[in-house]
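# Residue-level structural notes
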Amino acid sequence: MARAIPPAFILGMAAIMGSFVGSFTNVVVYRLPRNCLSINNPKRSFCPSCKTQLAAKDNIPILGWVALLGKCRYCKKPISARYPLVESLVATLFAIVVWRGMVQDGPEVTADWHAWLTTLTMLASVGILVPLALIDFDLTIIPDELSIYPLAFFVPMAAQVTHLRQDLDISMANPLLFSRLPEWANGVCSALVAGAAGAGTLWLIGKMGNVLFREKAKAMGGETMGFGDVKLLFLMGVMLGWPKLLMAFGIAVILGAVIGLALRLAAKNLYVPFGPFLVAGTLAALLLPSELMGVVEWYIRLITPSGVKP
Ligand SMILES: [Zn+2]
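Let me begin by describing the structure that accompanies this report. Nothing here was measured: the structure is a model prediction, and the numbers come from that model.

Regarding its fold elements, the protein chain presents 12 helices and 0 strands. Going from the N terminus to the C terminus, the protein chain shows its helices and strands as α-α-α-α-α-α-α-α-α-α-α-α. When burial is assessed residue by residue, the protein chain has 35% of its 310 residues classed as buried. Residue pairs at least 24 apart in sequence account for 71% of intrachain contacts in the protein chain once pairs closer than 6 positions are excluded.

Over its 13 residues, helix 11 (residues 275-287) runs 18 Å from end to end, which matches the ideal 18 Å to within 8%, given 1.5 Å per residue. The complete set of buried residues in helix 11 reads Gly 275, Pro 276, Phe 277, Leu 278, Val 279, Gly 281, Thr 282, Leu 283, Ala 285 and Leu 286. In the core, the buried residues of helix 11 are packed alongside helix 3 (82-103), helix 4 (113-139), helix 9 (227-240) and helix 10 (242-265).

In terms of nonpolar packing, the biggest core is built from 61 residues, with Phe 94, Val 126 and Met 236 touching the most fellow members. Elements that contribute at least two residues to this core include exactly helix 1 (7-31), helix 3, helix 4, helix 6 (151-157), helix 7 (183-212), helix 9, helix 10 and helix 11. With 12 residues, helix 3 is the single largest residue contributor to this core. Setting aside chain neighbours within four positions, we find Met 236 in contact with Gly 198, Leu 245, Ala 248, Leu 278 and Thr 282.

The subject of this paragraph is the environment of Ala 197. You can see Ala 197 is positioned in helix 7. Put simply, Ala 197 and Leu 245 are 48 residues apart on the chain and 9.9 Å apart in space, counted from C-alpha to C-alpha. If sequence neighbours within four positions are ignored, Ala 197 has contacts with Gly 237 and Trp 242.

Turning our attention to the packing of helix 7 against helix 10. Packing of helix 7 against helix 10 brings their axes to within 9 Å, and their N-to-C directions diverge by 30°. It follows from the interaxial angle that helix 7 and helix 10 lie roughly parallel. Viewed along their axes, helix 7 and helix 10 form a crossing whose handedness is right-handed. Counted together, Ala 194, Ala 197 and Gly 198 of helix 7 and Trp 242, Leu 245 and Phe 249 of helix 10 form the full contact between these two elements.

Criteria and thresholds
- Residues numbered from 1 in each chain as written.
- Predicted model: local features only at pLDDT ≥ 70, side-chain atom pairs only at ≥ 80, totals over all residues.
- Helix = DSSP H or I, 4+ residues; strand = E, 2+ residues; numbered from the N terminus.
- Buried ≥ 20, exposed ≤ 12 C-beta atoms within 10 Å, placed from the backbone.
- Contact = placed C-beta atoms within 7 Å.
- Expected span 1.5 Å × (residues − 1).
- Core = buried A, V, L, I, M, F, W, Y, C linked by C-beta atoms within 7 Å.
- Axes fitted to C-alpha atoms, helices over the stretch in contact; angles between N-to-C directions.
- Parallel < 35°, antiparallel > 145°, perpendicular 65-115°, else oblique.
- Left-handed = near helix turned anticlockwise from the far one by under 90°.

Pasting the structure below:
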């Protein structure tokens, strides 16, 4: 089935689309936690220093910032390099998602609608998780708008099960738990169980943390861990299914430990919330090349009792 669209064109379009989503991400990250501003009012972006509305050409992702050499056209105050960096990050992630989902298997873009839906689901994951990580990093909060509301999209998408088991050897690591149900119901139930198991486990760890670190918990207002992380873990379970949820959580814990230790050694008294690490783990589980999935399969084989193999 020949499709005449060259992959380079599709990847370029994905990157450009990603840079605009990244630009919108910057708006969401700034405005969502600040209740005084809604997402589309004021409609145009403004300079955070002098509040002057930006011209359309200064609003072009990445290039606008580069053309202005990182300074506001009006007040000449520096504009944070974080804006173009976030735009570049989302552009890169979008290109990787589209490459993984639609073009990596050959010179032509796939015409399989499963692949398109999977790609759409993964693009939505990137679009939700990047602002979630940045808001948690800035303000240590995880808004419901980015953790609970997206379930309305991701739970139905789990019916389309291909992304839940992408790259995994099904015979060994079947993420579908309810094999008697029709496949779509099976996908939804498996995603919900993965979400509930992940969130429940983290909630229990948090409760144990409150008992073990009573002093610290008191200093932090009674909880060592916010409920935001629990909501995020539920979303991760629904996005990933259970084998990849384990992988994402493992990567998050390792990254958190390494970076936490590095910060302590550098004697920086900087507290980084867990959310950005969970997001990094989720994106890694979604996007790492399939070769690395062998490690996950080995791990699952290790922890799965023989006899329950599907
Ligand atoms: Zn300005």
